[in-house]
Amino acid sequence: MFTCTTHSPEETEGLAELVGKRIREGTVLCLVGDLGAGKTLFVKSLARTLGVEGSVTSPTFNLMHVYDGICPIYHFDLYRLKREEELDEIGFYEYTENAQDSEGLVIIEWPDKFPSCMPKDYVEVRIVRTGETERALTFSSVGTYYDKFVKELESFVHLSH
Ligand code: ADP
Ligand code: MG
């Protein structure tokens, strides 16, 4: 687990870019944080780094957007989700089960709305607003599968500073 502090939206974008240089298909990344924390901003920059050219916005109404980057990116936002069953209806589990063997990258905003529906293993980015333009971003591996990835990411981020 490691934490990075950013002092502007641009710094958060820079951090997401570093993550984008390391992250690959077969990863589930969950972003936790209040409204306005910077989750979507982080996803936008990450997606750009992965070669996505079209617009990246939070999938508020259909709950999932798919982007075409160096790999398919499945972006979920569970904020407006009311019932757990809706996850089944939108095919959520087809993306999160066996995600490690998939060709795509799964990104989930608001995983904490339905904690029991989240996969066993994922990379968590927890964003806390510590000032008007200051954010603390904590990266951790939930489960064990991504332990090594998070350790490598920590070294990479620190070396890039
Ligand atoms: P969320 O998806 O978490 O609700 P958004 O990414 O949509 O949040 O919005 C984050 C807002 O906070 C943006 O308006 C952004 O400009 C602002 N902001 C200010 N400082 C930062 C920072 N250090 N990191 C990320 N966003 C920041
Ligand atoms: Mg958002």
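Attention here is on the structure that accompanies the text. No experiment lies behind these values; they were computed from the predicted model shown. Each chain carries its own residue numbering, running from 1 in the written order of its sequence. To read the labels, note that chains go from A and ligands from 1, taken in the order they are written. Local features in this predicted model are restricted to residues of pLDDT 70 or higher, and side-chain atom pairs are both shown and tallied only at a pLDDT of 80 or more, whereas totals for entire chains, interfaces and linings draw on every residue. Calculation of side-chain values draws on the structure's entire complement of heavy atoms; hydrogens and water are dropped beforehand.

**Details of the nonpolar core**
Nonpolar cores are built from buried Ala, Val, Leu, Ile, Met, Phe, Trp, Tyr and Cys residues. Side-chain atoms within 4.5 Å join them into one set. Relative accessibility decides the category of a residue: with a 1.4 Å probe and only protein chains considered, values under 20% of the type maximum give buried, values over 50% give exposed, and everything between is partly exposed. Residues Phe 42, Leu 46, Ile 108 and Phe 139 are the most contacted members of the largest nonpolar core, which totals 51 residues. Where helices and strands are cited, they refer to DSSP runs of H or I of at least four residues and of E of at least two residues respectively, numbered from the N terminus. Residue contributions to this core peak at five residues, all from helix 5 (residues 147-159).

**Description of the packing of helix 1 (residues 9-22) against helix 5**
Interaxial angle, 0 to 180 degrees, is taken between N-to-C directions of lines fitted to C-alpha atoms, where a helix line uses only the stretch in contact. Relative orientation of the contacting elements helix 1 and helix 5 amounts to 130°, with a least axis distance of 10 Å. Compared by their axis directions, helix 1 and helix 5 come out oblique. Viewed along their axes, helix 1 and helix 5 form a crossing whose handedness is right-handed. From helix 1, Leu 15, Leu 18, Val 19, Lys 21 and Arg 22 reach across to helix 5, where they touch Phe 149, Leu 153, Phe 156 and Val 157. In terms of residue class, the contact of helix 1 with helix 5 is made up of seven nonpolar, no polar and two charged. Angle categories: roughly parallel below 35 degrees, roughly antiparallel above 145, roughly perpendicular from 65 to 115, and oblique for all the rest. In this scheme the crossing of two helices becomes right-handed for a clockwise turn of the near helix relative to the far one and left-handed for an anticlockwise turn of less than a right angle. When checking whether two residues touch, look at their non-hydrogen atoms; a contact exists if any pair is within 4.5 Å. Residues are grouped as follows: Ala, Val, Leu, Ile, Met, Phe, Trp, Tyr, Cys and Pro are nonpolar; Asp, Glu, Lys and Arg are charged; every other residue, Gly included, is polar.

**Notes on helix 1**
Counted at 1.5 Å a residue, the expected span for helix 1 with its 14 residues is 20 Å, and the 20 Å between its end C-alpha atoms agrees. Of all the residues in helix 1, the buried ones are Thr 12, Leu 15, Ala 16, Leu 18, Val 19 and Gly 20. Packing partners of the buried residues in helix 1 comprise strand 1 (2-6), helix 2 (39-49), strand 7 (135-142) and helix 5. Multiplying 1.5 Å by the residue count of a helix minus one yields the expected span of that helix.

**Focus on the coordination of the magnesium ion (ligand 2)**
A donor here means an N, O or S atom no more than 2.8 Å from the metal, or no more than 3.2 Å when the metal is Na, K or Ca. Since water is not included, a site may seem to lack partners. Protein ligation of the magnesium ion (ligand 2) involves Thr 40 (OG1) and Glu 109 (OE), the donor distances falling in the range 2.2 to 2.6 Å. Taken together, the positions of Thr 40 in helix 2 and Glu 109 in strand 5 (residues 105-109) put the pair 69 residues apart, joining distant regions of the chain. Judged by relative accessible area, Glu 109 falls into the buried class, the value being 1%.

**Focus on the packing of aromatic side chains**
Here a Phe, Tyr or Trp ring, Trp counted by its six-membered ring, pairs with any other such ring whose centre lies within 6.5 Å, and the pair is stacked when the planes are under 30 degrees apart, edge-to-face when over 60, and tilted otherwise. A complete count under the given rule lists eight aromatic pairs for this structure. Their ring planes at 80° and their centres at 5.5 Å tell us that Phe 92 and Tyr 93 sit as a pair that is edge-to-face. Looking at Tyr 93, the relative accessible area reads 23%, which means it is partly exposed. Counting every residue linked through ring pairs, the aromatic cluster contains Tyr 74, Phe 76, Phe 92, Tyr 93 and Tyr 95. Throughout this description, the term charge over a ring refers to an Arg CZ or Lys NZ atom that lies within 6 Å of the ring centre and within 35 degrees of the ring normal. Positioned above the aromatic ring of Phe 156 is the side chain of Arg 22, whose terminal nitrogen or guanidinium carbon lies 4.1 Å from the ring centre.

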